[in-house]
Amino acid sequence: MRDAAPQTIYLKDYTPFGFDVTSVALTFDLHPTATRVTSRIAFAPKPGAAPEMFLHGENLTLISAHIDGVAVTPDVTPEGLTCPVPDTPFIWETEVEIDPQGNTALEGLYMSGGMYCTQCEAEGFRKITYYPDRPDVMSTFNVTVNGPHPVLLSNGNPVTATDGHAEWHDPWPKPAYLFALVAGDLVAHPGEFTTQSGRKVALNLYVRPGDEGKCAFGMQALKDSMTWDEQVYGREYDLDIFNIVAVDDFNMGAMENKGLNIFNSSAVLASPETSTDSNFERIEAIIAHEYFHNWTGNRITCRDWFQLCLKEGLTVYRDSQFTSDMRSTPVKRISDVIDLRGRQFPEDQGPLSHPVRPESFQEINNFYTATVYDKGAEVIGMLRRLVGKQAYDAALTLYFDRHDGQACTIEDWLQVFEDATGRDLSQFKRWYSQAGTPTVTVTDSWTSGVYTLTFTQDLPPSATTPTPQPQVIPIVTGLLSPSGDELLPSQVLELTDRTQSFTFEGLPERPIPSVLRGFSAPVVLKHDLAEDHTAFLLAHDTDPFNRWEAGRDLARASLRSMIREGAAPDAKYLDGLRAVLADETLDPAYRALMLGLPSQSDLARALHDDGVTPDPDAIWTASETMRDAQADHFADLLPGLYTAHQVQGSYAPDADQAGQRSLANATLSLLARREGPDRAQAQYNSADNMTQQLAALAVLLRQNAGDAALHAFENQWAHDRLVMDKWFGLQVMQATPETVVKIAENLTQHDDFNWKNPNRFRAVMGALATHHAGFHHASGAGYRLLADWLIKLDPVNPQTTARMCAVFQTWTRYDTDRQTRVAAQLDRILALPDLSRDTTEMLTRIRGS
């Protein structure tokens, strides 16, 4: 039978838990199918507490329960238990039995390749023992772990450790979602860090035997993160030890458990031979993100799950700052915006739209979204932009001082800024409560030496925001002269009304505006610039983001004309891009980004916004035609660029080398369109790092010349699970629209396709879902194949299934036949009698659109 009808939980109904938890002691006697968990919890009733106490608990077998040593018989349901309790402080003790090996959902305590590990955010702890599993209940933890394993880990500092026995104490109060336990045959890659106050912290990165050679970069990234957080935010680490564990079976990227971070192995293990430059950058960022949570998430957590953006938005913003400082600020900003537009904008504009702080939910796992994380980070960035760096730093210091050890809300966060700056942020707060992406339209005029910019903001009504109100939108703007000089450096214009004008006097000539520099707000900008003006910005804008944006606008306009009117690729775009490509004063990574085209999904959205039904086949064809035009237009430049940006010497995953490889591989892809596969085959044969090997293999596959290399790659890397994820995914990504579904289907029959492993499942099905023309093939075969596998996965891992369902959220953009085919698959899944609550909520929202 299907789960009970999902219960909708509302922010407005929040009430504090009626009891304080003053201490928690847990004992684990590990067994693959019958682990015993004994808990001893000190409760203290708050004034007015109810005479009964409810504790969450799921998939637990209750062995015994006691209050102050006296046996009790609670009322047990599938969601937890209720028991009469004293009106004075008391000790609650239970013993339960759980089945880690049977826990395929990867929430709570489960097994991964013989190793015990946990994932408790958001509501996994209730699958370990009975407890008030909510983020506003914070307590210190003492944990004892018994089991025949050489490594037994938990949160906090070690107390004792003998063969088969370990005790841990975490002195910092934390909610249950930050609990962690790991036990298994692991090898430690050790390190040490000295804090700014002189304390020495032991560092360990635990991996499976055989992975020791993939730890050095992760350890250095951890040390860099610790140093950066001290220097930029004044935050020092607060325990004697910091442990990271790499786990193969993990639903997400990583988890910030206090003192014991658990990582998806793909997010921490790296070596030049097995990892690409993008893997290294991702690992560096995720390690930073999880470490930064020590203060923005752990020491200060969220009062309830509606406040998830408080810890995640702030921490994403902090890890973006870190990556910008470690690498290239313009490249990082452009990459973030590409991701935002690719993931969050569709969410904001479709049936899954919700505010940064939702007002309600049924399954909290479904709200770990791009809106909460990425738009939440953009809101933090806007706030810093509005108040300035100095005021932001002062407000953050006040936030840490005032709220250390507390579970907080967005109101607490904004109050700190109001107190630190004297600024009223009540209108700014609408960014947290209003769903959707604002559109900002800009017009200009030049009269008697006075230049005027007029902005109009619009936010369409939605189910969650039926009557949207104007928001505070910081629009960073500069003015350029017709010769390319800056007449007015960047300044922040605050748009607070629906329509608002800003005037500029004393200018010698009519300027050319550069608007929304650095993408200063997460909005859609409509600025009807003449093509010559956009080309001028591509050539002359002093803001790196807006220069890239001008190129992207020209590419998008040309592709739309090609799709709608059969036009040829725009010569002005190609000429402007050629000048950028040839400019050796520009960062190679920046030039490689310039060569990129708008995604095919982005083009579908643009056409839909124009009132045109997008044709995935026509979009594919236009994109390929534009790539061919780039190859022809830059033909004389490409060989020299490819040669000039071959890195000499030993491999390093730093920004300089990564940028050179990025540009060289982008030119390799274009060269092959004119020359064929020989140059790519030579690079594949000589590659001494995964970046070069994988880039060459991708080109060979696109050239239909990759069979031998694909077979050789499999033979070389069959022993390495993370590299094989790349092998699986690349074949799908490089397929044609006609072949991609068959290739994906064949890969699911491969002996190494372990569909229960989230990384392997996403490698194939995630790649299929993002292959725009292939997934949306007119036959509907892509929809059917994905639906088949979601039906198979849902009983095993509802969380991964539900998140994959989001690929259907844009289905109403397309023609009637495609909509009919998608609807049939959605209805087929929704008709299942035992569909999980996670997937039911997601598909019900999507189907309802």
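If you're wondering where the values come from, they're calculated on a predicted model, not measured in any experiment. (Residues numbered from 1 in each chain as written. Predicted model: local features only at pLDDT ≥ 70, side-chain atom pairs only at ≥ 80, totals over all residues. Heavy atoms only, no water.)

Participant: Describe the overall build of the chain, naming the residues involved and giving the relevant values.
Facilitator: The helix and strand tally for the chain stands at 27 helices and 31 strands. Computed over its C-alpha atoms, the radius of gyration of the chain comes to 28 Å, within 12% of the 29 Å expected for a compact globule of 849 residues. Dimensions of the chain along its principal axes, counting C-alpha atoms only, are 85 × 65 × 60 Å. Within the chain, contacts between residues at least 6 apart in sequence are counted, and of these 70% link residues at least 24 apart. Here the chain displays about 31,400 Å² of accessible surface, and carbon together with sulfur accounts for 50% of that area. (Helix = DSSP H or I, 4+ residues; strand = E, 2+ residues; numbered from the N terminus. Rg over C-alpha atoms; globule rule 2.2 N^0.38 Å. Contact = heavy atoms within 4.5 Å. Areas by Shrake-Rupley, 256 points an atom, 1.4 Å probe, with all protein chains shown as cover.)

Participant: A description of the packing of aromatic side chains should follow, citing residues and the corresponding values.
Facilitator: Overall, the coordinates contain 41 aromatic pairs when judged by the stated rule. Their ring planes at 85° and their centres at 5.2 Å tell us that Phe775 and Tyr783 sit as a pair that is edge-to-face. Each member of the pair Phe775 and Tyr783 is classed as buried. Just above the ring of Trp172 sits the side chain of Arg299; from NZ or CZ to the centre is 3.8 Å. One cation-aromatic arrangement involves Arg303 over Tyr14; the distance from NZ or CZ to the ring centre is 3.7 Å. (Phe/Tyr/Trp six-rings, centres within 6.5 Å; stacked < 30°, edge-to-face > 60°. Buried < 20%, exposed > 50% of the residue type's maximum accessible area, 1.4 Å probe, protein only. Lys NZ or Arg CZ within 6 Å of the ring centre and 35° of its normal.)

Participant: Hey, could you go over the pairing of strand S5 (residues 61–67) for me, with residue numbers and the actual values?
Facilitator: Examined bridge by bridge, S5 and strand S9 (residues 90–98) share 6 bridges and lie antiparallel to one another. For Ala65, the partnering residue across the bridge sits in S9 and is Thr94. Where S5 meets strand S6 (residues 70–71), 2 bridges bridge the pair, whose relative direction is antiparallel. Within the sheet, the bridge partner assigned to Ile67 lies in S6 and is Val70. (Pairing = 2+ DSSP bridges.)

Participant: Now, about helix H17 (residues 678–686): what can you tell me, with residues and values included?
Facilitator: Taken together, the buried positions of H17 are occupied by Ala680, Gln683 and Tyr684. One side of H17 carries all its buried residues, which in axial view fall inside an arc of 100°. Exposed side chains of H17 directed beyond 90 degrees from the buried face belong to Asp678, Asn685 and Ser686. Residues of H17 that are buried in the fold lie against helix H15 (638–644), helix H16 (655–675), helix H18 (690–702) and helix H19 (707–717). (Arc of directions from axis to C-beta.)

Participant: Please set out the side chain of Lys214 residue by residue, giving values where relevant.
Facilitator: Checked against the element boundaries, Lys214 lands in the loop between strand S18 (200–207) and helix H1 (216–233). Lys214 sits in the buried class, given a relative accessible area of 10%. There is a polar contact of 2.4 Å between the side chain of Lys214 and the side chain of Asp720. Contacts of Lys214, omitting those with residues within four sequence positions, involve Val268, Leu269, Ala270, Ser271, Thr274 and Asp720. (Polar contact = N/O pair within 3.5 Å; in protein donor to acceptor, adjacent residues only side chain to side chain.)

Participant: Go over helix H20 (residues 721–733) with me, naming the residues and quoting the values.
Facilitator: Between the first and last C-alpha of H20 there are 19 Å, a value that for 13 residues agrees with the 18 Å anticipated at 1.5 Å per step. Counting buried residues in H20 gives 11 out of 13 residues, a clear majority hidden from the surface. Along H20, the residues classified as buried are Leu722, Val723, Met724, Asp725, Lys726, Trp727, Phe728, Gly729, Leu730, Gln731 and Val732. Two or three places before Leu722, at the opening of H20, Asp720 has a side-chain oxygen 3.1 Å from that residue's backbone nitrogen. (Expected span 1.5 Å × (residues − 1).)

Participant: I'd like a rundown of the nonpolar core, residues and numbers included.
Facilitator: Trp92, Trp413 and Phe428 are the most contacted members of the largest nonpolar core, which has 268 residues in total. The dominant element in this core, judged by the number of residues it contributes, is helix H5 (residues 370–387), at 9 residues. When sequence neighbours within four positions are dropped, the list of residues in contact with Trp413 reads Leu310, Leu314, Ile380, Leu383, Leu396, Tyr399 and Tyr432. (Core = buried A, V, L, I, M, F, W, Y, C linked by side-chain atoms within 4.5 Å.)

Participant: Help me get a handle on the packing of helix H4 (residues 329–348) against helix H12 (residues 588–595), residues and values and all.
Facilitator: The contact between H4 and H12 brings their axes to 10 Å, and the two run at 30°. With respect to each other, H4 and H12 are oriented roughly parallel. Judged by the twist between their axes, the crossing of H4 over H12 is left-handed. Facing Val331, Ile334, Ser335 and Ile338 of H4, the residues of H12 in contact are Ala589, Tyr590 and Leu593. Tallied by class, residues from the contact of H4 with H12 come to 6 nonpolar, 1 polar and no charged. (Axes fitted to C-alpha atoms, helices over the stretch in contact; angles between N-to-C directions. Parallel < 35°, antiparallel > 145°, perpendicular 65-115°, else oblique. Left-handed = near helix turned anticlockwise from the far one by under 90°. Nonpolar A, V, L, I, M, F, W, Y, C, P; charged D, E, K, R; others polar.)

Participant: Which residues make up unusual backbone geometry, and what values go with them?
Facilitator: Looking along the chain, the bond that leaves Glu121 and enters Ala122 is cis, with omega of 5°. Its location among the elements puts Ala122 in the loop between strand S11 (115–119) and strand S12 (139–146). For Ser448, which is not glycine, the phi dihedral falls at a positive 50°. Positionally, Ser448 belongs in the loop between strand S25 (439–447) and strand S26 (450–458). A relative accessible area of 75% means that Ser448 is categorised as exposed. Positive phi, close to 55°, is recorded for Asn704, a residue that is not glycine.

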